[in-house]
Amino acid sequence: MMHKFAQAVELESNPHAVGESYVAQIPRISIQAFCETAELSHAVQSAAADRRMAKAHVKVQMGGIVAAIEAYTGAPTPNVILIEHNGSGTELIDGLDKLSECCDAGTKVVIVGRLNDIVLYRELVRRGISDYVMSPLSALDVVRSVSNLFNAPDAEPVGRVIAVIGAKGGVGASTVAHNVAFSIARDLALDTVIADLDLPFGTAGLDFNQDPPQGIADAVFSPDRVDSAYIDRLLSKCTDHLSLLASPATLEREYDFSGESFDPVIDAMRSSIPYIVLDLPHLWTGWAKRTLIGADEVLLVTTPDLASLRNAKNLFDFVRSARPNDRPPLYLLNQVGVPKRPEVRAVDFAKALDAQPIAAIPFDPQIFGTAANNGQMIAEVNPANKISETFLGVAKALTGRAEAKKEKTDFLSPLLAKLRGLKK
Ligand SMILES: Nc1ncnc2c1ncn2[C@@H]1O[C@H](COP(=O)(O)OP(=O)(O)OP(=O)(O)O)[C@@H](O)[C@H]1O
Ligand SMILES: [Mg+2]
């Protein structure tokens with residue numbers, strides 16, 4: 001009796017104090033399970049209905065590791081792949097080696113099995129497997145295993161921030177940001193938020209035909225209240241995997257932000273949303289500069305003219321020297337081929353910036369105008385149009401969902417990388 005009472009008090013005052021039994025919320029990730037038994041399939045399905053999984057997208061299928069390899073040869077991988085394997089250890093290792101060839105960087109792999117074998121376990125660690133869980137598993141065991149991947153003290157944040165900025169005003173930076181985010185969400189099936197950082201004039205709401213009553217201003221003006229649950233309430237849903245943190249786009253207030261004003265919002269999003277696309281206005285303020293430096297990836301949108309070339313070069317050099325240990329920003333040329341307009345050539349951009357553009361998007365007032373006026377993306381106006389393929393290519397380059405497959409990679413997780421280092 002005494003014991004129970006003491007426990008209850010502890011639970012009340014600090015739910016985290018119950019240690020092992022506390023399972024934290026799971027971020028907006030995509031999970032695909034490849035089961036061999038009906039038991040695990042049921043457990044994953046009921047895990048998907050658990051309150052802690054409310055934000056995650058879960059897909060369950062049968063077929064184990066063979067089905068997983070088949071599914072991902074030529075298709076992007078989700079945030080987490082859960083594989084049940086009841087066969088031999090050798091089969092598992094062989095299968096994982098095949099899977100690693102088609103697995104994107106950043107995807108975590110969890111194995112569920114019955115083998116309790118230290119040699120096998122070491123082999124799995126060497127391959128960067130995030131977890132090996134012994135079956136049978138209850139629904140809560142599944143939730144706990146996934147939760148641990150993201151909530152362990154040394155887990156890296158789930159979110160990657162992509163900042164999109166124009167070399168000049170009106171070059172199409174927002175249009176590109178929105179279409180690329182749409183493609184990450186739809187074609188790569190990864191949860192994405194577009195944050196419109198152009199508070200007085202942003203167009204994300206218009207472009208997605210949304211007019212939400214709340215958005216980014218609520219968060220920036222009340223930094224003390226911001227956490228991932230607060231951000232969730234400010235998001236408006238555009239498609240299955242895409243949400244919008246809209247700008248007010250009104251002039252009632254003045255928006256004189258200090259350098260760190262956007263930090264709490266961006267940090268909160270990073271803790272729970274896999275991809276965050278920041279639609280930056282063409283500005284050079286303390287916060288804009290800080291946001292660019294702090295992003296995981298930078299995409300610069302430019303038009304083929306001299307002023308854009310100069311600005312692109314300055315922005316490029318700035319970002320490169322401020323982030324010497326990151327890959328340089330990516331850039332693309334937009335509105336190429338305006339009739340009768342002389343242009344600075346792509347080769348001249350490549351020479352000045354010492355990098356090739358990742359895409360060149362033609363000037364097409366018909367399709368872009370239709371999209372803007374209808375509040376649609378290019379892929380919605382005309383799915384067959386080549387420009388939507390270009391946006392998919394940019395989406396892949398920014399998320400690393402393309403290059404990862406060229407080389408043989410493993411599913412390296414930070415914790416296991418350390419273990420690996422120790423073993424050598
Ligand atoms: N490739 C293109 N061909 C034709 N029109 C385009 C193209 N790209 C963008 N546009 C149009 O150019 C206009 C400006 O685009 P957008 O608002 O995306 O630019 P921006 O760089 O974000 O501008 P701002 O400096 O105001 O933030 C929009 O009307 C858009 O539809
Ligand atoms: Mg814009």
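Up top is the structure these notes are about.
Residues numbered from 1 in each chain as written. Chains lettered and ligands numbered in written order. Predicted model: local features only at pLDDT ≥ 70, side-chain atom pairs only at ≥ 80, totals over all residues.

A few points about the sheet that holds strand β7 (residues 192–196)
If you trace the eight strands from one edge of the open sheet to the other, you get β8-β9-β7-β10-β6-β11-β12-β13, paired in mixed fashion. The open sheet has two edge strands, β8 (236–237) and β13 (359–362), and neither has a second partner. Taken together, the three bridges between strand β12 (residues 330–336) and β13 define a ladder with parallel strand orientation. Within the sheet, the bridge partner assigned to leucine 332 lies in β13 and is alanine 359. Lying over the sheet, helix α13 (residues 306–322) contacts β6 (160–166), β11 (297–302) and β12, oriented at roughly 170° with respect to β11. (Pairing = 2+ DSSP bridges. Helix = DSSP H or I, 4+ residues; strand = E, 2+ residues; numbered from the N terminus. Contact = placed C-beta atoms within 7 Å. Axes fitted to C-alpha atoms, helices over the stretch in contact; angles between N-to-C directions.)

Details of the nonpolar core
Residues Ile162, Val164 and Leu278 are the most contacted members of the largest nonpolar core, which totals 78 residues. No other element matches the eight residues that helix α7 (residues 173–186) contributes to this core. Here valine 164 is in contact with Ala173, Val176, Ala177, Val277, Leu278, Asp279, Leu280, Leu299 and Val301, once residues within four sequence places are set aside. (Core = buried A, V, L, I, M, F, W, Y, C linked by C-beta atoms within 7 Å. Buried ≥ 20, exposed ≤ 12 C-beta atoms within 10 Å, placed from the backbone.)

Side note on the site of ligand 1
Not every one of the 20 residues close to ligand 1 is listed here, only the nearest: Gly169, Gly172, Ser174, Thr175 and Phe368. Mapped by element, the contributors of at least two residues to the shell around ligand 1 are α7, β12 and α15 (365–374). Split by residue class, the shell around ligand 1 holds eight nonpolar, 10 polar and two charged. (Near = placed C-beta within 6 Å. Nonpolar A, V, L, I, M, F, W, Y, C, P; charged D, E, K, R; others polar.)

Here's the deal with helix α3 (residues 64–72)
Taken as a whole, α3 has its buried residues at Gly64, Ile65, Ala68, Ile69 and Tyr72. All buried residues of α3 lie within an arc of 145° about the axis, which places them on one face of the element. Tucked inside the fold, the buried residues of α3 contact β1 (30–35), β3 (80–85) and α4 (89–101). (Arc of directions from axis to C-beta.)

Some words on the environment of valine 344
The topology assignment puts valine 344 in the loop between β12 and α14 (346–353). Look at valine 344 and you get partly exposed, because 19 C-beta atoms sit within 10 Å. For the pair formed by valine 344 and serine 308, sequence separation is 36 residues and the distance between their alpha carbons is 9.5 Å. Beyond its immediate sequence surroundings of up to four residues, valine 344 is in contact with Pro304, Asp305, Leu306, Leu309 and Phe349.

Concerning the packing of α3 against α4
It is at 10 Å that the axes of α3 and α4 come closest, and there the two elements cross at 10°. Taken together, the axes of α3 and α4 lie roughly parallel to each other. Where α3 approaches α4, its residues Ile65, Val66, Ala68, Ile69 and Tyr72 are matched on the opposing element by Leu92, Gly95, Lys98 and Leu99. Looking at the contact of α3 with α4 residue by residue, the classes come out as seven nonpolar, one polar and one charged. (Parallel < 35°, antiparallel > 145°, perpendicular 65-115°, else oblique.)

A word on unusual backbone geometry
For the peptide bond that leads from serine 135 to proline 136, omega is 0°, which places it in the cis range. Despite not being glycine, lysine 340 has its phi angle at roughly 70°, a positive value. Relative to the helices and strands, lysine 340 is located in the loop between β12 and α14.

Concerning the pairing of β12
The buried fraction of β12 is high, at six of seven residues. In the sheet, β11 pairs with β12 via four bridges, with the strands oriented parallel. Opposite leucine 300, over in β12, you have tyrosine 331 as the bridge partner. Tracing the backbone out of β12, into α14 and back to the parallel element β13 gives a crossover that is right-handed. (Right-handed = clockwise from strand over helix to strand, strands pointing away.)

Some words on the pairing of β3
Of all six residues in β3, six are buried, a share of seventy percent or more. Residues Val80, Leu82 and Glu84 of β3 are buried on one face, and the alternating residues Ile81, Ile83 and His85, pointing to the opposite face, are buried as well. Sheet topology places β1 next to β3; four bridges connect them, and they run parallel. Its bridge partner being in β3, phenylalanine 34 is matched across the sheet by isoleucine 83. Between the parallel elements β3 and strand β4 (residues 108–113), the chain passes through α4 in a crossover that is right-handed.

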